[in-house]
Amino acid sequence: MKKTGANSTIILIVAWLAYTSVYIGRLNLSVASPMMEMAGVINKDQIGYLSSLFFFVYAIGRIFNGYIGDKVEPKFILGVGLMLSALSNLGMGFMLPVSFMFVIWGINGYAQSTMWGPAMRVVTEAYEDPKKRTRAAMILSTSIGAGGIIGIAAATAVSGFGAAAVFFVPGCIMLIISAMVLLVLPRTKRSVEVQQLSPFKLALNKDILKIVFPALAHGAIKDNLNLWMVTYFVESYNTDVSASAPFVFMIPTATLIGRMVYPLLYRLCKYSDKWSVVISFVICAASLVPIIFFKLPMALCCLLLCFTALSVSMINVAFLAIYPLRFQATNNVSMASGLIDFVTYMGSAIGSFVFGIVISAFGFNIMYIIWIVISAVSALIMLFNKKPRPLVVD
């Protein structure tokens, strides 16, 4: 396919749809889990373990697939990975015994770990002009926030047909889009030959090590917020999935807004990713405090949780889009992003495992207290880090 403006736009649209659909086949678990629990298919501990397994496999996969993505045709990896994720969702819809669900959802975690790198590579190689390439990459990144909204909305829309439909419908959508990827996206032939730091040396770099705990912390909050919110509203306010849907829908919307407003915060912080992260962690902790001490109306509680989602979304942009740019001189931007993403999803995995147990034993407030503590500690760690050289991005 010749790289005309129109063709480049088509490539961007298809890649955007592909990565948006990733979240349709991930966040549906949060909508299905309370229904599965009420039906006696699974309990809270097992939901936590299931989500933890997904994030653990995803985190490990990000390391290996980040390397493979530079060596193998990205169109093939993106299309096949999406197809495997689709089949995993269809498998979940059969409501098999829990042991089979763990295998299937683990496969889904690995499949989804293959896709971000190839999607970025397909899009950036479609644009020869550096400014257009950067703009296209920023547009592609919005698929994460948009996918969160569409994923929750799609799952909620079909939840009236039962938990099985919450997996079957996303699976079918993802199959269609995977076929689109394989049929529409062009092949790439770029060879990557750069002098880089080795993965081992990069992992021990002081600029990576000093954000390990904050990256873990924001991962533990970000993905568990999506996982547990449906259950939280259903149990805390004695409502059902359909009635809580408008409130739950606001949280991924706040996530998307966070990604859109981060450039403004970044400029206000004089292009300092350090200060933008500190401020975001403070907002995260402050938004959770009233939920701990007061029995709030459902709408107000949801609004505060939206500020939580918005703040961790801004932290995610800082860690995965801005922070890795400091490694551009050694051509390690992609690898640095992969390592930080690995740490982030390890936080998600550990959090899902721990919070499933904590919620079952002590309730949701203890989970929120843990979020406040790790946010405060992370803000202090970032605050006392040596100030890095600001990176100006127009």
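Residues numbered from 1 in each chain as written. Predicted model: local features only at pLDDT ≥ 70, side-chain atom pairs only at ≥ 80, totals over all residues. Heavy atoms only, no water.

Colleague: Give me the lowdown on the confidence of the model for the chain, citing residues and values where you can.
Modeller: Summing up the model confidence of the chain, the mean pLDDT is 84 and the portion of residues at 70 or higher is 89%. The model gives residues 389–394 a pLDDT under 50, and that stretch makes 11 contacts with residues more than four places away or in other chains. (pLDDT = per-residue confidence, 0-100. Contact = heavy atoms within 4.5 Å.)

Colleague: Outline the side chain of Ser-159, supporting the account with residue identities and numerical values.
Modeller: Locating Ser-159 in the fold gives a position in the loop between helix 7 (130–158) and helix 8 (163–184). Look at Ser-159 and you get buried, because its relative accessible area is 7%. (Helix = DSSP H or I, 4+ residues; strand = E, 2+ residues; numbered from the N terminus. Buried < 20%, exposed > 50% of the residue type's maximum accessible area, 1.4 Å probe, protein only.)

Colleague: Explain the side chain of Thr-231 to me, and be specific about the residues and the numbers.
Modeller: Locating Thr-231 in the fold gives a position in helix 11 (residues 212–236). If sequence neighbours within four positions are ignored, Thr-231 has contacts with Ser-33, Pro-34, Lys-44 and Phe-364.

Colleague: Can you explain the nonpolar core? Please cite residues and give values.
Modeller: Counting residues in hydrophobic clusters, the biggest one holds 117 residues, and the most contacted among them are Trp-228, Met-229, Tyr-232, Phe-233, Ile-291, Leu-305 and Tyr-368. The element contributing the most residues to this core is helix 14 (residues 298–322), with 15 residues. Aside from chain neighbours lying at most four places away, what touches Phe-233 is Asn-238, Thr-239, Ser-244, Phe-247, Val-248, Ile-251, Met-298, Cys-301, Cys-302 and Leu-305. (Core = buried A, V, L, I, M, F, W, Y, C linked by side-chain atoms within 4.5 Å.)

Colleague: Let's hear about the environment of Ser-276: which residues, and what values?
Modeller: Note on placement: Ser-276 falls in helix 13 (residues 273–293). Here the alpha-carbon distance between Ser-276 and Ser-311, two residues 35 residues apart in the chain, equals 9.8 Å. The contact partners of Ser-276, leaving out residues within four places of it in the chain, are Tyr-262, Leu-265, Cys-269 and Ala-318.

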